[in-house]
Amino acid sequence: MSSAVRFWEIDSLRGVAIIMMIAFHLLFDLNYFLGVGIRVGSGFWLYFARATAAIFIVLVGISLTLSYSRVKSKTKKELWAKYAKRGAKIFSWGMAITLLTWLFLGEGTIFFGILHFIGVSIMLAFLFVRLRLLSLALGIFLILLGVFLQRFSFSFSWLAWLGLIPANIYTLDYFPLLPWFGVVLAGIFLGNSFYLGGKRKFRLPELSKNSAVKLLSFLGRRSLFIYLVHQPVLVALLHALRILIQSN
């Protein structure tokens, strides 16, 4: 969306999620690289991470409805090409992360993380972007199905991307379609309910000039770039910190 038609509440909420993501990854990196013993895989921090992901993913669905409302005059072929290209671009960034984690980490390689998931979801969600109630019903079903499937493990890995979790899986970032695509569909329902036709259907004070909102919106508009660069920056800083500690 161009800056003239953006909604400050969506950009700033994505900015909040960016800050939450960086905070969680900092704690994770402190534990992973420096062994500080923070329990990021259970309790409060586990739910914090899931809430962060849920914000990002529901905003994917809302943003798709806003994007669609501004280009729906195009042919179905043109629209599909647009979303397929966007989804493929994000998925390719996910594959780059797969390669980098395989080369530099080995154990814990990310094979279907958040960018893989978002890329595929953008292409799939195009089929539902106009279907408000169906998106809600199917979204609830997929979330419940995905939660149910998490109770089981499977002896094969070729459907891990779908949500059939292999036994003894270890990956640093994992977002299968079940249940997370259901969250995208919930976002489509919200977008079609509260931003029908690309217009806000509820009242909010105009806070786009507020300093805090402007900062959060700035972060939200650059979420992909920040996602791609924040971990290398955090790791470099922690590596420098470890060298400093060891030298003393």
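Anyway, here's the lowdown on the structure attached to this text. Numbering of residues starts from 1 in each chain and follows the order in which that chain's sequence is written. The predicted nature of this model means local features are confined to residues of pLDDT at least 70 and side-chain atom pairs, given and counted, to a pLDDT of 80 or more, with totals for whole chains, interfaces and linings taken over all residues. Working from all heavy atoms in the structure, the side-chain values ignore hydrogens and water.

What counts as a helix is a DSSP run of H or I of at least four residues, what counts as a strand is a run of E of at least two, and both are numbered from the N terminus. Each helix and strand counted, the protein has 8 helices and 0 strands in total. Overall, the protein shows an N-to-C arrangement of helices and strands of α-α-α-α-α-α-α-α. A globule of 248 residues ought to have a C-alpha radius of gyration of about 18 Å, and the protein, at 19 Å, matches this closely. Judged by the C-alpha coordinates and their principal axes, the protein covers about 60 × 50 × 30 Å. Think of it in three bands: residues with accessible area under 20% of the maximum for their type are buried, residues over 50% are exposed, and the middle band is partly exposed, with areas taken using a 1.4 Å probe on protein chains only. Per-residue burial over the protein gives 43% buried out of 248 residues. Looking at the protein alone, contacts between residues at least 24 apart form 75% of all its contacts between residues at least 6 apart. Only the C-alpha atoms count toward the radius of gyration. The rule for a globule is 2.2 Å times the residue count to the power 0.38. What makes two residues a contact is simply this: any of their non-hydrogen atoms within 4.5 Å.

Now for the environment of Ser 208. Residue position: Ser 208 is located in the loop between α6 (177-194) and α7 (211-221). C-alpha of Ser 208 to C-alpha of Gly 139: the two residues are 69 residues apart in sequence and 31 Å apart in space. Leave out the neighbours within four places in its chain, and Ser 208 touches Trp 8, Val 213 and Lys 214.

Another point: the environment of Leu 131. On the secondary structure map, Leu 131 appears in the loop between α4 (114-125) and α5 (132-149). Classification of Leu 131 by relative accessible area gives partly exposed; the value is 35%. Separated by 33 residues in sequence, Leu 131 and Leu 164 have C-alpha atoms that sit 27 Å apart.

What follows deals with the pattern of salt bridges. Any carboxyl oxygen of Asp or Glu that lies within 4 Å of a side-chain nitrogen of Lys or Arg is treated as forming a salt bridge with it. Applying the stated criterion across every chain, the model contains 3 salt bridges. Residue Asp 11 is joined to Arg 6 by a salt bridge in which the shortest nitrogen-to-oxygen separation is 2.8 Å. Classification of Asp 11 by relative accessible area gives buried; the value is 2%. For Arg 6, a relative accessible area of 24% gives the class partly exposed. With a closest N to O distance of 3.5 Å, Asp 11 and Arg 14 form a salt bridge. In this pair, Asp 11 and Arg 14 both sit in helix α1 (residues 8-34), 3 residues apart, roughly one turn of the helix. When its relative accessible area of 12% is taken as the criterion, Arg 14 is described as buried. Linked by salt bridges that have partners in common, Arg 6, Asp 11 and Arg 14 make up one network.

What follows deals with unusual backbone geometry. With omega at 15°, the peptide bond leading from Leu 178 into Pro 179 counts as cis. Its location among the elements puts Pro 179 in helix α6. Although it is not a glycine, Asn 168 adopts a positive phi angle of roughly 60°. For Asn 168, the position within the fold is in the loop between α5 and α6. The exposure class assigned to Asn 168 is exposed, which follows from its relative accessible area of 80%.

Attention now goes to the nonpolar core. Nonpolar side chains in soluble globular proteins generally cluster together in the buried interior. Only buried Ala, Val, Leu, Ile, Met, Phe, Trp, Tyr and Cys residues count toward a nonpolar core, and they belong to the same one when joined by side-chain atoms within 4.5 Å. Ile 57, Tyr 83, Ile 114, Phe 117 and Phe 181 are the most contacted members of the largest nonpolar core, which totals 57 residues. Those elements that provide at least two residues to this core are α1, α2 (43-71), α3 (76-104), α4, α5, α6 and α8 (223-247). Residue contacts for Ile 114: discarding those within four places in its chain leaves Ile 57, Asp 173, Phe 175 and Tyr 227.

Each pair of packed helices gets described by two things: the angle between the helix axes and the distance between those axes. In this description, a line fitted to the C-alpha atoms serves as the axis of each element, helices being fitted only across the stretch in contact, and the angle between N-to-C directions of two axes falls anywhere from 0 to 180 degrees. One way to put it is that α2 packs onto α4 with a least axis distance of 11 Å and a crossing angle of 30°. Between α2 and α4, the angle falls in the class roughly parallel. Of the two possible hands of crossing, α2 and α4 adopt the one that is right-handed. Contacts between α2 and α4 involve Ile 57, Val 60 and Leu 64 from the first element and Ile 114, Phe 117, Ile 118, Ile 122 and Ala 125 from the second. Here the nonpolar group is Ala, Val, Leu, Ile, Met, Phe, Trp, Tyr, Cys and Pro; Asp, Glu, Lys and Arg are the charged ones; every other residue, Gly included, is treated as polar. The class makeup of the residues in the contact of α2 with α4 is 8 nonpolar, no polar and no charged. Geometric relationships in this document are graded by angle, where less than 35 degrees denotes roughly parallel, more than 145 denotes roughly antiparallel, 65 to 115 denotes roughly perpendicular, and other angles denote oblique. By the definition used in this description, the sense in which the near helix is turned from the far one sets the handedness, with an anticlockwise turn below a right angle giving left-handed and a clockwise turn giving right-handed.

Attention now moves to the packing of aromatic side chains. Side-chain rings of Phe, Tyr and Trp, where Trp is taken by its six-membered ring, are said to pair if the distance between their centres is within 6.5 Å; with planes under 30 degrees apart they count as stacked, over 60 as edge-to-face, and otherwise as tilted. Following the criterion strictly, the structure yields 16 aromatic pairs and no others. Aromatic side chains Phe 44 and Trp 45 sit 4.9 Å apart centroid to centroid with 75° between the ring planes, which places their arrangement in the edge-to-face category. On the basis of an interplanar angle of 80° and a centroid distance of 5.6 Å, the ring pair of Tyr 195 and Phe 202 is categorised as edge-to-face. Using a relative accessible area of 30% as the deciding quantity, one classes Phe 202 as partly exposed. Three or more aromatic residues link up through ring pairs in this structure, and these residues are Phe 7, Phe 194, Tyr 195 and Phe 202.

Just distances and angles here, no functional claims.
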